[in-house]
Amino acid sequence: MKLPFKTLDDVDYAGKRVLIRVDMNCSLNPETKVITNDSRIVAMTPTLRELSKSKVILMAHQGRPGSEDFISLEQHTVILRKLGFKATFVDDIFGNKAKNAIQNVEVGHILVLQNVRMFEGEMKQAPVEEVSQEPIVQELYPLFDLFVNDAFGAAHRSQASIVGFTAVLPSVAGRVMEKEIRVLSKVIAEELHPWILVLGGSKVKDKVKIIGKLLAMGRADNVLLGGLIGTLFLIANGTIPNEYGAPIKGFQEVLGIAKELLEKYSDVIILPEDAAVERDGKRVECEFGEIAGDPFLDIGYKTAKKFGKTIRGAKVAFANGPMGYFEKEEFTHGTVEVLKAIADCNCITVVGGGHVSAMAQRMGLLNKITHISTGGGATMGFLTGKQLVLVDALEAAAKRMDA
Ligand code: 3PG
């Protein structure tokens, strides 16, 4: 497959000062804030190894401003060191402290800048020309020879650190980005059915929109829902009360969308039929009529079995996000059963999102799944056939480099 952008194969980076944007947004333990899943960091190590003869400055985000996983990148730097890289962290993004550190980076070393989302302008999404004017880009780009973007997981975000540098520096894709585009392009080119989407986890606003698009284009034959996104739809059809929507951001808006989708596609969207709740610190199975306001932390056994059966009959199965409150071992059952079915199913399987990929790894299923994607929203966006903004930006940069 001919890629529309340039990769590390097309440029000379030895001895050069290279800015690399990666997606090492990790899941954290909500209480201790310790990283619980470093799979995205591990995934980018091939790119970093290839750059071992360059001076590497690494830029990334963690969480979103105001979210509980919005933390510094110090822990990520420690993980990079444990993985064998000479990595240091600077608590700055584009101020003097960062600029001095950038100028002093030696060949074979990696300097990790502070979480880019600590710069307010980073959350703005706008066309490439506009975000390239943000100070993060204007202050930093003169210090670099090359921009490598390996942040596939954030490739749908038109933000300064993702696409802004592509307008002002020679820019190529890293190995994660390259592999994801190659594999996912092949997968979506296959017109196989039944095509099953299994969605769980949070980021409900993004997911509800993607479900709408995938159903409108007739790609998905069934959408199986668990996690917070499943909770939303159970509220929308009146199975459980509105109070369960408290953790969902923008609840009223997404509730309206979920209701509309249920009206149009009630035969395609498959919701949990029973629940696992937490009572006295323990997992208790119950019907929705008996849920009694208790924390709904996983799909129940009956639902897990039904989801498993549907997945085993698929020709293509995509799974993204856990079915339950993954951080507590007793509530991993639904996710584990979904993964077992995905591994058993004789079909094309793609698993995305950090939690589920980490679980697949723990269960030793990696070689039974067609592709483990580092993307969450980016992978889902790709499935809708919409070109990712980063792909467009890298394509434009490639044309400029050839001109
Ligand atoms: C992800 O976790 O999907 C990516 O890191 C993008 O994060 P975002 O949805 O906060 O932009």
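Residues numbered from 1 in each chain as written. Predicted model: local features only at pLDDT ≥ 70, side-chain atom pairs only at ≥ 80, totals over all residues. Heavy atoms only, no water.

This next bit is on the overall build of the chain. Looking only at helices and strands, the chain features 16 helices and 17 strands. Taken along its principal axes, the extent of the C-alpha atoms in the chain is 65 × 45 × 40 Å. Within the chain, the fraction of its 403 residues that count as buried is 58%. Considering only contacts within the chain whose residues lie at least 6 apart along the sequence, 72% involve residues at least 24 apart. Each charge class in the chain can be summarised by its mean position, and for the 48 positive and 49 negative side chains these summaries are 4 Å apart. (Helix = DSSP H or I, 4+ residues; strand = E, 2+ residues; numbered from the N terminus. Buried < 20%, exposed > 50% of the residue type's maximum accessible area, 1.4 Å probe, protein only. Contact = heavy atoms within 4.5 Å. Lys, Arg positive; Asp, Glu negative; His and termini not counted. Charge placed at Lys NZ, Arg CZ, Asp CG, Glu CD.)

Inspection of the entire model under this criterion finds 23 salt bridges. As a salt-bridge pair, Lys340 and Glu337 come within 3.1 Å of each other at their nearest N and O atoms. Of this pair, Lys340 and Glu337 both sit in helix 13 (residues 333–344), separated by three residues, roughly a single helical turn. Counted as one network, the salt bridges with shared partners bring together Asp9, Glu50, Arg175, Glu178 and Arg182. (Salt bridge = Lys/Arg side-chain N within 4 Å of Asp/Glu carboxyl O.)

Mapped onto the secondary structure, Ser27 falls in strand 2 (residues 27–28). On the basis of relative accessible area, Ser27 is assigned to the buried category, the value being 12%. Look past the residues within four positions of Ser27 in its chain and what remains in contact with it is Val34, Ile35, Thr36, Asn37 and His355.

What follows concerns the environment of Gly354. With respect to the element layout, Gly354 can be found in helix 14 (residues 354–362). When residues no more than four places from it in sequence are discounted, the contact partners of Gly354 are Asn37 and Ser39.

Attention now moves to the site of the ligand. By nearness alone, every residue bordering the ligand is listed as Asp23, Asn25, Arg40, His61, Arg64, Arg117, Gly153, Arg157 and Lys203. At a separation of 2.9 Å, an oxygen atom of the ligand approaches a polar side-chain atom of His61. Within the complex, the protein chains bury 94% of what would otherwise be the 310 Å² of accessible surface of the ligand. Within the shell around the ligand, the residues separate by chemical class into no nonpolar, three polar and six charged. (Near = heavy atom within 4 Å. Polar contact = N/O pair within 3.5 Å; in protein donor to acceptor, adjacent residues only side chain to side chain. Areas by Shrake-Rupley, 256 points an atom, 1.4 Å probe, with all protein chains shown as cover. Nonpolar A, V, L, I, M, F, W, Y, C, P; charged D, E, K, R; others polar.)

Because the α-helix completes a turn every 3.6 residues, residues three or four places apart line up on one side. Those residues of helix 14 not exposed but buried are Val356, Ser357, Ala358, Met359 and Ala360. Phi turns positive one or two residues past the end of helix 14, at Gly364, with a value near 70 degrees.

The subject of this paragraph is the nonpolar core. Considering soluble globular proteins, one finds that nonpolar side chains tend to be buried as a cluster. Core analysis: the biggest nonpolar cluster contains 117 residues, and Leu58, Ile136, Leu140, Leu232 and Phe233 have the highest contact counts within it. Tallying contributions element by element places helix 11 (residues 251–265) first for this core, with seven residues. Split by domain, the residues of this core number at least three in each of domain 1 (8–174 + 387–402) and domain 2 (193–346). Here Leu140 is in contact with Met59, Ile93, Phe94, Lys99, Ile102, Leu113, Pro135 and Phe165, once residues within four sequence places are set aside. Residues Val198, Val336, Val338 and Ala360 belong to the second largest nonpolar core, which totals 27 residues. (Core = buried A, V, L, I, M, F, W, Y, C linked by side-chain atoms within 4.5 Å. Domains from an automatic or database assignment.)

Below, the discussion takes up helix 16 (residues 389–402). In this model helix 16 runs 20 Å from its N-terminal to its C-terminal C-alpha over 14 residues, within 8% of the 20 Å that 1.5 Å per residue would give. Among all positions in helix 16, only Leu390, Val391, Ala393, Leu394, Ala397 and Ala398 are buried. In an axial view of helix 16, the angular spread of the buried residues amounts to 165 degrees, which keeps them on one side of the axis. Where helix 16 is buried, its residues meet helix 5 (128–131), strand 7 (146–150), helix 7 (160–163), strand 8 (171–173) and helix 8 (175–189). (Expected span 1.5 Å × (residues − 1). Arc of directions from axis to C-beta.)

A complete count under the given rule lists one disulfide for this structure. Across a sulfur-sulfur distance of 2.1 Å, Cys345 and Cys347 are joined as a disulfide pair. Because the torsion about its S-S bond is 100 degrees, the bridge between Cys345 and Cys347 counts as right-handed. By relative accessible area, Cys347 is classed as buried at 16%. (Disulfide = S-S within 2.5 Å.)

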